[in-house]
Structures are given as C-alpha cells and as structure tokens.
Amino acid sequence: MNTDGARGSAETVASQVSCRTVDQAIVGYVAQHGTAPTAVTQLRPWVRGDISAYRIVDGRAAGPGC
C-alpha cells in the first residue's frame, strides 16, 4: 500500500470538505444577516474546527481545496 499517496488523497479530500463547509457557513450567514460576511471569524457559529486557513473572496470561500 502506498501510504504517502493515501495520505495525500486524504488531505485533498479533507481540504475540499472544509472548503465546502466554509461555503455552506457563508450561505447560513447570508440567510440570517441578509449580507455576505467579510471575514471567516464571522462564521464561527456555523463551523466547528479551525478554518483560519480560509478567507472570503467575492462572497465565496478561498483557501485549501477551493
């Protein structure tokens, strides 16, 4: 088994899931506030875990896996 390859694939999938999570949190924020958030710190109520590697660009998540 190629453990390095498996690890790389797992990290890629995790990044994509995190990107999708941030995008979904943005949608939740917009639904509640009627405007897009300008910083990921505004998304804390909708996300569990560390999303500090992400930022918001044009109303969408930007960062690893996006």
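The preceding data block contains the structure.
To start, this report covers the structure provided alongside it. Throughout this document, residue positions are counted from 1 along each chain, in the order its sequence is written. This being a predicted model, a pLDDT of at least 70 is required before a residue's local features are given, and a value of 80 or more before pairs of side-chain atoms are given or counted; all residues contribute to the totals for chains, interfaces and linings. The basis for every side-chain value is the complete set of non-hydrogen atoms in the structure, without hydrogens or water.

What follows covers the packing of aromatic side chains. Here a pair means two rings of Phe, Tyr or Trp (six-membered ring of Trp) with centres within 6.5 Å. Their orientation is stacked below 30 degrees between planes, edge-to-face above 60, and tilted elsewhere. For the coordinates displayed, the defined rule picks out 1 aromatic pair. Both rings, one in Y29 and one in W46, keep their centres 5.7 Å apart while their planes meet at 70°; by these two values the pair is edge-to-face. Here W46 lies in the loop between α1 (3–33) and β1 (55–57) and Y29 lies in helix α1, a separation of 17 residues in the sequence. Residue classification places Y29 among the buried positions, given a relative accessible area of 10%. A run of H or I in DSSP becomes a helix once it reaches four residues, and a run of E becomes a strand once it reaches two; helices and strands are each numbered from the N terminus. To sort residues, take the accessible area from a 1.4 Å probe on protein chains only and compare it with the maximum for the residue type: under 20% means buried, over 50% means exposed, and anything in between is partly exposed.

So, on to the state of the cysteines. Two cysteine sulfur atoms form a disulfide, by the criterion used here, when they sit within 2.5 Å. All chains considered together, the criterion is met by 1 disulfide. The disulfide partner of C19 is C66, and the S-S distance across this bridge is 1.9 Å. One disulfide, between C19 and C66, carries an S-S torsion of 120° and so falls in the right-handed class. Separated by 47 residues along the polypeptide, C19 in helix α1 and C66 in the segment after β2 (60–62) bring together distant segments of the chain. On the basis of relative accessibility, which here comes to 7%, the residue C19 falls in the buried class.

Remember that the coordinates give geometry; whether it matters functionally is a separate question.
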